[in-house]
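Inside the fold
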Amino acid sequence: MKAHILLAHPEPNSFNGRLLGISKEALAAAGYDCSVSDLYAMDFDPREGQQHYPSRKDPDSFHTQTEQRFSADNGTIPADVASEVRHLEEADLLVVHFPLWWFGAPAILKGWMDRVFVYGRLYRSEMRYDAGICAGKRMIACVTTGANEDNCAFNGREGDTKLILWPILFPFRYLGYTVLEPQIFHGVGGVAFMEGQEGGRSTLDIYSDEWTATISDLQARPSIAYNADSDFDDTKRLKPDAPVYAPFIRQNSDWHKG
Ligand SMILES: Cc1cc2nc3c(=O)[nH]c(=O)nc-3n(C[C@H](O)[C@H](O)[C@H](O)COP(=O)(O)O)c2cc1C
């Protein structure tokens, strides 16, 4: 079994860096052969654009998906991206570590998706969702927030972190992954985190133990429910009798009425 671990954090000594270390150790102990992409350490360029495509289908006008597909068809996928693609193709499990930054993923992670999810190689119209190339593979995100659990609750002032993560994780579903429920650690860097609690153990230690337990027993982790391809009609609207799993794809447009 192979696992690929991604870290999107500028500081190896951060809590996210510590969580990466736990992932490596626990997955190795569980029998996984692990590879790691530490995006900042690699100086991964998150900006998709012309600079990566010296050989172009259309030299006059840069259309991203056209050039991604051209590079996939001609074996000219940029080297840094090709290496990431290989990791994804080889790994049965993908673990992604990142802090929540401005209610989203750090730019380096978003850019990694923009570049690495190569049209023509990792997806195309007939190869996505249930028929995605990563069907049968699992992924899990481990996310930290600065705000505490109350602020990030379903009725919290900072918005429901689980909902905020839905669109961030949906690209993995698009590629066919089984997306496990993300692990979210709140209040990282906050007062409780610094002072420690529960008999002198720091919040960081408690969170670390929790992540060790999660990553050591992924079989027990539920996955996010998504609508199957068959839940949509020919126009790709949800069928009236199909289940609703998230407010992003629903039967009733009046979601804001609470
Ligand atoms: C640019 C930036 C944006 C941030 N935005 C958020 C945010 O939207 N919500 C939140 O709860 N914390 C936010 N934070 C706090 C980080 O999530 C927090 O510092 C991090 O999860 C702590 O983990 P670390 O010690 O591994 O960095 C932000 C921090 C930075 C630097």
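Criteria and cut-off values
- Residues numbered from 1 in each chain as written.
- Predicted model: local features only at pLDDT ≥ 70, side-chain atom pairs only at ≥ 80, totals over all residues.
- Helix = DSSP H or I, 4+ residues; strand = E, 2+ residues; numbered from the N terminus.
- Rg over C-alpha atoms; globule rule 2.2 N^0.38 Å.
- Buried ≥ 20, exposed ≤ 12 C-beta atoms within 10 Å, placed from the backbone.
- Contact = placed C-beta atoms within 7 Å.
- Core = buried A, V, L, I, M, F, W, Y, C linked by C-beta atoms within 7 Å.
- Axes fitted to C-alpha atoms, helices over the stretch in contact; angles between N-to-C directions.
- Left-handed = near helix turned anticlockwise from the far one by under 90°.
- Nonpolar A, V, L, I, M, F, W, Y, C, P; charged D, E, K, R; others polar.
- Domains from an automatic or database assignment.
- pLDDT = per-residue confidence, 0-100.

Check the secondary structure of the protein chain and you find seven helices and six strands. Order of helices (α) and strands (β) in the protein chain, N terminus to C terminus: β-α-β-α-α-β-α-β-α-β-β-α-α. Over its C-alpha trace the protein chain gives a radius of gyration of 20 Å, about what one expects of a compact globule, namely 18 Å for 258 residues. Along the longest, intermediate and shortest principal axes, the C-alpha atoms of the protein chain span 65 × 45 × 35 Å. Sorting the 258 residues of the protein chain into buried and exposed places 31% on the buried side. Look at the contacts in the protein chain between residues 6 or more apart in sequence, and 71% of them connect residues 24 or more apart.

Formed by 51 residues in total, the largest nonpolar core has its most connected members in Ala8, Leu39, Val95 and Met139. Contributions of two or more residues to this core are made by β1 (2–7), α1 (15–29), α3 (79–90), β3 (93–99), α4 (107–116), β4 (138–144), α5 (161–174) and α7 (203–216). Among the elements that make up this core, the one with the highest residue count is α1 (six residues). In this structure Ala8 touches Leu39, His97, Phe98, Ala105, Pro106, Ile108 and Leu109, once residues within four positions along its chain are discounted.

What follows concerns the packing of α1 against α7. Direction vectors running N to C along α1 and α7 enclose 35°, while the axes themselves pass 9 Å from each other. Between α1 and α7 the crossing geometry is right-handed. On the side of α1, the interface is formed by Phe15, Arg18, Leu19, Ile22, Ser23, Ala26 and Leu27, while α7 contributes Leu204, Ser208, Trp211, Thr212, Ile215 and Ser216. Looking at side-chain class alone, the contact of α1 with α7 contains eight nonpolar, four polar and one charged residues.

Bringing the domain arrangement of the protein chain into the picture now. The domain boundaries assigned to the protein chain delineate domain 1 (2–226) and domain 2 (228–258). Here the C-alpha centroids of domain 1 and domain 2 sit 26 Å apart. If you look at the interface, domain 1 gives six residues, while domain 2 gives five residues. For the side of domain 1 that touches domain 2, a count of residues per class yields five nonpolar, no polar and one charged.

Residues of the protein chain with pLDDT of at least 70 account for 95%, and the chain-wide mean is 95. Looking at the elements of the protein chain, mean pLDDT is at its lowest for helix α6 (residues 191–195), recorded as 54, and at its highest for α4, recorded as 99.

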